[in-house]
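Listed below are the residues making up each chain.
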Amino acid sequence: MIEVQNLEKHYLVAEKEAGIKGSLQSFFKRQTKTVKAVDGVSFQIASGEMVGFLGANGAGKTTTLKMLSGLLHPSAGVARVAGFVPFERRSSFLKSITLIMGQKQQLMWDLPALDSFLVNQAIYEISDSDYQATMREFTELLELEGVLKKQVRKLSLGERMKCELAAALLHRPKVLFLDEPTIGLDVNMQVKIREFIREYNQRFNATVILTSHYMADVTALCKRIIVVDKGKIIFDGDFSGLLETASPIKIIGLQLERQLSATDLQSYGTLSSLEGLNATFRVARSEVSQRSAKMLSELPIADITIEDPPIEEIIGQLFSRAEVRA
Amino acid sequence: MIRKAKALFTAWLSHMTIYRAEIIIWMLAGMLPLIMMTVWIGKAQAEGGSTGGFSSSQFAAYFLAAWMSGQMTVAWVAWDMSFAVRQGTFSVKLLRPINPFWEYFMQHVTERFVRYPFVFLVVVVGVLLVPGTVLVKQLEHVVVYFFAIILAFIIRFLIAYCIGLACFWLENATALDELYFVLSIMLAGTFAPLEFYPAWLRGLLEYLPFPYIIYYPAQILTGQLDWTQMARVLAVQLLWVGVFFVVYQIMWRLGRKQYGAVGA
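These numbers come from a predicted model, not from an experiment. (Residues numbered from 1 in each chain as written. Chains lettered and ligands numbered in written order. Predicted model: local features only at pLDDT ≥ 70, side-chain atom pairs only at ≥ 80, totals over all residues. Heavy atoms only, no water.)

This part covers the overall build of chain A. Summing up its helical and strand segments, chain A has 12 helices and 13 strands in all. Taking the principal axes of its C-alpha atoms as reference, chain A extends roughly 70 × 60 × 40 Å. For chain A, the proportion of its 326 residues judged to be buried stands at 50%. Long-range contacts, defined as pairs at least 24 residues apart, comprise 71% of the intrachain contacts of chain A with a sequence gap of at least 6. As presented, chain A carries roughly 15,500 Å² of accessible surface, and 50% of it is formed by carbon and sulfur atoms. (Helix = DSSP H or I, 4+ residues; strand = E, 2+ residues; numbered from the N terminus. Buried < 20%, exposed > 50% of the residue type's maximum accessible area, 1.4 Å probe, protein only. Contact = heavy atoms within 4.5 Å. Areas by Shrake-Rupley, 256 points an atom, 1.4 Å probe, with all protein chains shown as cover.)

Residues and elements named next belong to chain A. With antiparallel pairing, the 3 strands of this open sheet are ordered in space as 2-1-4. The sheet is open, and its two borders are formed by strand 2 (31-45) and strand 4 (76-81), each paired with just one other strand. Adjacent strand axes in the sheet meet at a mean angle of 30° when their direction is disregarded. With 12 bridges joining them, strand 1 (residues 2-15) and strand 2 adopt antiparallel strand pairing. Residue pairing for strand 2: Ala-14 is matched across the bridge by Thr-32. Helix 2 (residues 61-68) rests against strand 1, strand 2 and strand 4 of the sheet, and its axis sits at about 120° to strand 1. (Pairing = 2+ DSSP bridges. Axes fitted to C-alpha atoms, helices over the stretch in contact; angles between N-to-C directions.)

This part is about the sheet that holds strand 7 (residues 207-211) of chain A. Residues and elements named next belong to chain A. Here 6 strands make up an open sheet; going across it, the order is 5-6-7-3-8-9 and the pairing mixed. Unpaired on one side and paired on the other, strand 5 (97-101) and strand 9 (232-238) mark the two borders of the sheet. Strand-to-strand, the axes of this sheet are offset by a mean angle of 15°, without reference to chain direction. For strand 5 and strand 6 (residues 175-179), the ladder comprises 5 bridges, and the chain directions are parallel. Directly across from Ile-100, in strand 6, lies its bridge partner Leu-178.

Right, let's talk about the interface of chain A and chain B for a bit. Across the contact, 35 residues belong to chain A and 30 residues belong to chain B. Between chain A and chain B lies a buried interface of about 2,800 Å² when both sides are counted; carbon and sulfur atoms form 63% of it. At the boundary of chain A and chain B, one finds 1 salt bridge. One salt bridge in this structure joins B:Lys4 and A:Glu125, with 3.6 Å as the shortest N-O distance. At the boundary of chain A and chain B, one finds 6 residue pairs in polar contact (both at pLDDT 80 or more). At the level of elements, strand 1, helix 2, helix 3 (91-96), strand 5 and helix 4 (113-123) of chain A are the ones that each hand at least two residues to the side of chain A that touches chain B. Among the residues forming the side of chain A that touches chain B, the class breakdown is 16 nonpolar, 10 polar and 9 charged. (Buried area = accessible area lost by both parts, 1.4 Å probe. Salt bridge = Lys/Arg side-chain N within 4 Å of Asp/Glu carboxyl O. Polar contact = N/O pair within 3.5 Å; in protein donor to acceptor, adjacent residues only side chain to side chain. Nonpolar A, V, L, I, M, F, W, Y, C, P; charged D, E, K, R; others polar.)

Residue position: B:Phe101 is located in helix 7 (residues 100-129). With 147 residues separating them along the chain, B:Phe101 and B:Tyr248 place their C-alpha atoms 9.7 Å apart.

Mean pLDDT over chain A: 86, with 97% of residues reaching 70 or higher. Mean pLDDT values over the elements of chain A span from 68, in helix 12 (residues 311-325) of chain A, up to 94, in strand 4 of chain A. (pLDDT = per-residue confidence, 0-100.)

Residue and element names in this part refer to chain B. Running from N to C, helix 7 and helix 8 (residues 139-165) cross one another at 135°; their axes reach a closest spacing of 12 Å. On the basis of their axis angle, the class for helix 7 and helix 8 is oblique. Remark: the crossing between helix 7 and helix 8 carries right-handed chirality. Here Pro-100, Phe-101, Tyr-104, Phe-105, His-108, Val-109 and Arg-112 of helix 7 lie close against helix 8, whose contacting residues are Phe-153, Ile-154, Phe-157, Leu-158 and Tyr-161. Grouping the constituent residues of the contact of helix 7 with helix 8 by class yields 10 nonpolar, 1 polar and 1 charged. (Parallel < 35°, antiparallel > 145°, perpendicular 65-115°, else oblique. Left-handed = near helix turned anticlockwise from the far one by under 90°.)

Formed by 112 residues in total, the largest nonpolar core has its most connected members in A:Ile2, A:Phe43, A:Leu68, A:Phe177, A:Ile209, B:Phe90 and B:Tyr161. Counting residues per element, this core draws most heavily on helix 8 of chain B, at 16 residues. With residues near it in sequence (within four places) discarded, A:Ile209 still touches A:Ile2, A:Phe43, A:Ile45, A:Val51, A:Phe53, A:Leu65, A:Leu68, A:Leu176, A:Phe177 and A:Leu178. A:Leu176, A:Ala206, A:Leu221 and A:Ile225 belong to the second largest nonpolar core, which has 65 residues in total. (Core = buried A, V, L, I, M, F, W, Y, C linked by side-chain atoms within 4.5 Å.)

For the rest of this paragraph, the subject is unusual backbone geometry. Residues and elements named next belong to chain A. Located in the positive-phi region is Glu-125, a residue other than glycine, with phi close to 55°. A relative accessible area of 45% means that Glu-125 is categorised as partly exposed. In this structure, Glu-180 takes a positive phi of about 55° despite not being glycine. Relative to the helices and strands, Glu-180 resides in the loop between strand 6 and helix 7 (187-204).

All names here are of chain A. Assignment of secondary structure puts Lys-61 in helix 2. One buried charged residue, Lys-61, forms no salt bridge at all, with the nearest opposite charge on Glu-180 at 5.1 Å. Leaving out residues up to four positions away in the same chain, Lys-61 has contacts with Phe-53, Leu-54, Gly-55, Ala-56, Thr-211 and His-213. (Lys, Arg positive; Asp, Glu negative; His and termini not counted.)

This is how it looks when you write it as structure tokens:
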């Protein structure tokens, strides 16, 4: 469904020193430098797959999505989405994709969302019966009852995001580029949007690329993740592969029956925290079973947990490693 | 295409009617020809009834027609595009299976329907206030004016759209639009009928689009041109539409490669 080969995007960025002197220098002689926002990215995504696109700010995730949706002209390389070259902006291509960019709105601010939906119906050439059916489904899934006839500017952020999502998916696109779809929303609303995306993927076998700073979005929805750093892919695979590659440790959490000192616990692994009756250790993956057995037999334990480190930490380690290599 | 135009028209009409008061304020902001009308009428009266062959009522007819032409050809698309490109909302338009050109075009067309009743009212009041003013001599002139003003609007819109497209390179094209605005005030016939301009400038203006947006449509409505002259004006207007359409196409193709989709 999506094929990308050696995709690159370079920007010419103006640079200026701070202060009046810098402004004057820049006025007479502008300094520029070329920034490689995306630097030779290649991957393939099959129909119906949901892929998490991870990376720090400025890593090149959004630029890649913008090239895949036809907004940006690639500096080099090839991208094909649903059999189309995105930048050509063929009508059939635009009808088969959607790009949701955080809170960038396509709804008309002063009118009820329903008016914008009707415009989209005409622009995307959706038949009346399909429009009615989709609206019924979305109203139910996103709980839009009573929201659609209110002026958009009077909606809460969560209500507006749900309407934005409905407007962006009204034409039932086969490929979804979701760039921070839950940004700024409260936890309940994040869960609802996540559920909706999952449901949409299953019902329409849609291909989804998702970027999000909320790791819970990615872990809940995507089996495969692609990690980008400084415009290059530094990991492409499933979560378990990521854990093995980037995180050679596990975290053992203990709830003790009585207070122990750090000295008492030192010999069981790297003690990362000790607060009251709760202690956590960082232990090499290969030693987890041996160490935990030893703890269980020798320490007064009320409860024990063995977990992977938080995904944010794992990604962070991956970035540091990429930095060291560079 | 008709279905899309109808949907855009309906939505924009709802939007414009919400902002009808703002439209009237914008309309008042374009009162310069009416101010100039009072200046020229005063001059004519001071000089014994006419100046340069124009009587008070002829000045009134010309400036009312010029003002109406200005109102019917207003285009703010350059400003809108500049804003949309800098804020990243232009990306939202680019994702839809319709050229953004048509969305902006329909927005402007729809606005005319809300603006025109107020414009008509001001023109009627103007005609009544200056005794002897005959705005339209023959109904045929209204028909030709109708086509001339549509072509004038398309020229003005295409110029504004090309200025707007310049923000793919400049990121902010509002200064260019201001420059156009100043030139058009000076050269389109807003200050004075072109009969009062030096001969060399009048000759030069024939090769520029400005008089074909305000001066000539006003001349057509007030019955100052014969059929041959009216046909020439329409032909030249069509030529300008063609020229700016080609410029627009070239800028669109080249500019899109420059678009940085920033702000999103």
